[in-house]
Amino acid sequence: MEKAQEEKTLIIMKPDAIQRSLFGEILQRFERKGLKIIGVKMAKISDVLIEEHYSHLTEKPFFNTLKNYMQSSPVVLIALAGANAISATRLIVGPTKGYEADAGSIRGDYSLSGQSNLVHASDAPETAEVEIKRFFAEEELFDYQKPDYKLVYSEDHF
Ligand code: TYD
């Protein structure tokens, strides 16, 4: 069996997750999967950071509404670690458009929008690394043991 990669990924609980009181529900899905929270904080995202984070979208016609939405309330930034954490969280989150996402995914269960879709999750190892550095200082990230790893993973997992 191919060994899983230990990965870190960035999750943003977007303003609608906070405003709709879905923060706890969404966080619980990641926790229950077995992912380890290695950083968490609330912040209002600045113009500079939004433009950096969505630099692949700045030329799109929807960029201004996306920016307004992302700055409409504080967000919660979360760094998670675990086996194949990037693809695992993308599956839990679901595809961009909530109205197309499968039931059982966060967007499939709680979003009907292509923009107000509750959660950001990094999409590749290179972007995850840059995104975590963008939003977390080194001292805001924690490396610690979790006893339930022995139950979540098999002995030969890593
Ligand atoms: P993208 O990185 O393509 O998707 P994802 O969040 O699934 O990784 O787009 C970033 C965000 O931009 C997306 O979550 C919502 C917003 N967006 C729109 O508002 N309209 C659109 O047509 C697209 C593609 C994205």
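Please refer to the structure higher up on the page.
Residues numbered from 1 in each chain as written. Predicted model: local features only at pLDDT ≥ 70, side-chain atom pairs only at ≥ 80, totals over all residues. Heavy atoms only, no water.

Participant: Could you give me a rundown of the site of the ligand, with the residues and numbers involved?
Facilitator: The immediate surroundings of the ligand are formed by Lys-14, Tyr-54, His-56, Leu-57, Phe-62, Leu-66, Arg-90, Thr-96, Arg-107, Gly-114, Gln-115 and Asn-117. Separating an oxygen atom of the ligand from a side-chain N or O atom of Lys-14 is a distance of 3.0 Å. Contacts to the ligand include Arg-107, whose side-chain N or O atom sits 3.1 Å from an oxygen atom. A total of 510 Å² of accessible area belongs to the ligand in isolation, and the protein chains cover 77% of it. Residues of the shell around the ligand, tallied by class, amount to four nonpolar, five polar and three charged. (Near = heavy atom within 4 Å. Polar contact = N/O pair within 3.5 Å; in protein donor to acceptor, adjacent residues only side chain to side chain. Areas by Shrake-Rupley, 256 points an atom, 1.4 Å probe, with all protein chains shown as cover. Nonpolar A, V, L, I, M, F, W, Y, C, P; charged D, E, K, R; others polar.)

Participant: Can you break down the side chain of Ser-122 residue by residue, with the values?
Facilitator: Note on placement: Ser-122 falls in the loop between β4 (119-121) and α7 (125-135). The exposure class of Ser-122 is buried, given its relative accessible area of 0%. A polar atom in the side chain of Ser-122 sits 3.1 Å from the backbone nitrogen of Leu-10. A polar side-chain atom of Ser-122 sits 2.7 Å from a polar atom in the side chain of Glu-131. Look past the residues within four positions of Ser-122 in its chain and what remains in contact with it is Thr-9, Leu-10, Ile-86, Arg-90, Ala-128 and Glu-131. (Helix = DSSP H or I, 4+ residues; strand = E, 2+ residues; numbered from the N terminus. Buried < 20%, exposed > 50% of the residue type's maximum accessible area, 1.4 Å probe, protein only. Contact = heavy atoms within 4.5 Å.)

Participant: For the sheet that holds strand β2 (residues 36-43), give the residues involved together with the corresponding values.
Facilitator: The pairing of strands in a sheet comes from backbone hydrogen bonds and takes either a parallel or an antiparallel form. Strands sit in the order β2-β3-β1-β4 across an open sheet of four strands; the sheet is antiparallel. Each edge of the sheet is formed by a strand with only one pairing partner; in this case those strands are β2 and β4. Taken pair by pair, the neighbouring strands of this sheet meet at an average axis angle of 20°, ignoring direction. Examined bridge by bridge, strand β1 (residues 6-13) and β4 share three bridges and lie antiparallel to one another. (Pairing = 2+ DSSP bridges. Axes fitted to C-alpha atoms, helices over the stretch in contact; angles between N-to-C directions.)

Participant: Describe the pattern of salt bridges, naming the residues involved and giving the relevant values.
Facilitator: This model, assessed by the stated rule, comprises eight salt bridges. Across the salt bridge formed by Asp-47 and Lys-67, the nearest N and O atoms sit 3.4 Å from each other. Taken as a pair, Asp-47 in helix α3 (residues 47-53) and Lys-67 in helix α4 (residues 63-70) lie far apart in primary sequence, 20 residues in all. Residue class for Asp-47 comes out partly exposed when judged on its relative accessible area of 41%. With its nearest N and O atoms 3.9 Å apart, the salt bridge here joins Glu-51 to Lys-67. Separated by 16 residues along the polypeptide, Glu-51 in helix α3 and Lys-67 in helix α4 bring together distant segments of the chain. (Salt bridge = Lys/Arg side-chain N within 4 Å of Asp/Glu carboxyl O.)

Participant: Tell me about the pairing of strand β3 (residues 75-83), residues and numbers included.
Facilitator: Within β3, nine of the nine residues are buried, which leaves it mostly tucked inside the rest of the structure. Summarising the sheet, β1 and β3 pair through eight bridges and their orientation is antiparallel. Each residue of the ladder has a partner; that of Glu-6, found in β3, is Ala-83. In this sheet, β3 lies alongside β2 in antiparallel orientation, the contact comprising seven bridges. Residue Met-42 lies in a different strand from β3, and its bridge partner there is Val-76.

Participant: Account for the side chain of Asn-117, with residues named and values stated.
Facilitator: Inspection of the secondary structure puts Asn-117 in the loop between α6 (106-110) and β4. Classification of Asn-117 by relative accessible area gives buried; the value is 2%. A polar contact of 3.0 Å, which involves the side chain of Asn-117, links it to the backbone oxygen of Thr-96. Those residues in contact with Asn-117 that lie beyond four places of it in its chain are Lys-14, Asp-16, Tyr-69, Thr-96, Arg-107 and Ser-111.

Participant: Summarise helix α2 (residues 23-33); cite the residues concerned and give the values.
Facilitator: Owing to its 3.6 residues per turn, the α-helix aligns residues three or four sequence positions apart on the same side. For α2, the complete set of buried residues consists of Ile-26, Leu-27, Arg-29 and Phe-30. Seen along its axis, α2 keeps its buried residues to an arc of 150°; they face one direction. Among the residues trailing α2, Gly-34 stands out with phi positive, at a value near 110°. (Arc of directions from axis to C-beta.)

Any functional reading would require information that these geometric values do not contain.
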